[in-house]
Amino acid sequence: MLWLSLLVATASLGGPTGRQDLARTIAPRRATDRLLAVELMVTRVSGDSGIALVSSGVPLAPGAIRNPRTVRWDLYVEGSLLADTSYAVGPLVGKHRDGSLRAVLVQFRLPLRRADRVRASLSAREDKPLAYHTDPERAIAPDVPAVPEAVALPTSVEYLINSDLVGPTVSVGSSERMGGDWANYERQFRKFADLHWATSAALWSAGNYYDRAAIYYTWWVRTGDVEYWKRATLMAADYRTKYLERNNYGSSLYWAQLEGVALHYLATGDSRSRIAVGRTADVLGAYYRKGALGNTRHRDMESRGQARSLLAFLLAWEVQAPGGSVFRPGRMVSASPSMLTQILTAQDSSGALLGEGTAVLAPIT
């Protein structure tokens, strides 16, 4: 296990002296052949003060990094380049449509208090890399926390939107400038999101219906506000551990909220979320295997169930999630066109997708 240290355990907590002492031991490094540079903000998520493990995913724009094994990652904290042995950057599983990398996991340790906001940056350049900067099995600790102590996240909303992490969207500021109903929606969302959070916080059974975890991640992208990242991460972790894992991934169709879980993997590097997406998709694949997705008289089948079965397969393919005994990542994507064809057999001549079921009680076994 590679837990990383900034060698500042004896430095004054959160003060500049420890970080400056560290920087003096580091030689300057050339910045040629730079592929990207991302401004980050380091923020403590849990705990009050002390040496914190900073661990978070950093989304990448399409086309930025095509071959992570030929990339050298440089990490700066408060303008100082860190020593190679004090941090790790590893690619997360999943690619953009053009084959480029979707996200990397960044890990290091730093003294932080609750109110600290520490500027950092991550850059990548073509170079002969160190092994632990490119090998996911060595670069990333196997027990990556579901909710980290601290995170290093992009500060630019434009950058986050261009990463395509949550698909095409616009910033909250851009939407508000349109005025009228657009601005009113943004105001109302903030008001009622805060109300729900104050009432039930991250409790999955009270808050994650229709995948509020994914909605919070989307709002993080649209605002750059780490509070929404925190809410999304807490809720996705609560849903995964207390519903999916507790029920051996036997989700009903109407409680299959997998987009937030897939985003949780990309946001934190926690491979247990990637596994949960694949295992749950494998369970929901029973509807497809038994031909139920096109059966308009099946008691459990309606458009919501058809959509969530198909979405589960697509998400599992996106993060190359291992399935159970039936489906593997490659088989999930190869089965998706057949699944869609099966779903379309439930469509009548008017274009309506028919279904007899009124409630989904449990997955088919």
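Criteria and cut-off values
Residues numbered from 1 in each chain as written. Predicted model: local features only at pLDDT ≥ 70, side-chain atom pairs only at ≥ 80, totals over all residues. Heavy atoms only, no water. Helix = DSSP H or I, 4+ residues; strand = E, 2+ residues; numbered from the N terminus. Expected span 1.5 Å × (residues − 1). Buried < 20%, exposed > 50% of the residue type's maximum accessible area, 1.4 Å probe, protein only. Phe/Tyr/Trp six-rings, centres within 6.5 Å; stacked < 30°, edge-to-face > 60°. Lys NZ or Arg CZ within 6 Å of the ring centre and 35° of its normal.

### Considering helix 7 (residues 212-223)
Here is step 1: When the terminal C-alpha atoms of helix 7 are compared, their 16 Å separation across 12 residues agrees well with the 16 Å that a helix rising 1.5 Å per residue should span.
Here is step 2: For helix 7, the buried fraction is high: 9 of the 12 residues fall into the buried class.
Here is step 3: Taken together, the buried positions of helix 7 are Arg212, Ala213, Ala214, Tyr216, Tyr217, Trp219, Trp220, Val221 and Arg222.
Here is step 4: Positive backbone phi, approximately 75°, marks glycine 224, located one or two places after helix 7.

### Topic: the packing of aromatic side chains
Each aromatic ring pair is characterised by the separation of its centres together with the angle its planes make.
Here is step 1: Taken as a whole, this structure holds 13 aromatic pairs when the rule is applied.
Here is step 2: When the centroid spacing of 5.1 Å and the interplanar angle of 70° are considered together, the rings of tyrosine 209 and tryptophan 255 count as edge-to-face. Of the two residues, tyrosine 209 is situated in the loop between helix 6 (204-207) and helix 7 and tryptophan 255 in the loop between helix 8 (226-245) and helix 9 (259-268); the sequence distance between them amounts to 46 residues.
Here is step 3: Assessed through its relative accessible area of 32%, tyrosine 209 is described here as partly exposed.
Here is step 4: In this structure tryptophan 255 comes out as buried when scored by relative accessible area, which is 15%.
Here is step 5: Grouped by ring-pair contacts, the aromatic residues Tyr185, Phe189, Trp197, Tyr216, Trp219 and Tyr228 constitute a single cluster.
Here is step 6: It is arginine 222 that lies over the ring of tryptophan 219; its NZ or CZ is 5.4 Å from the centre.

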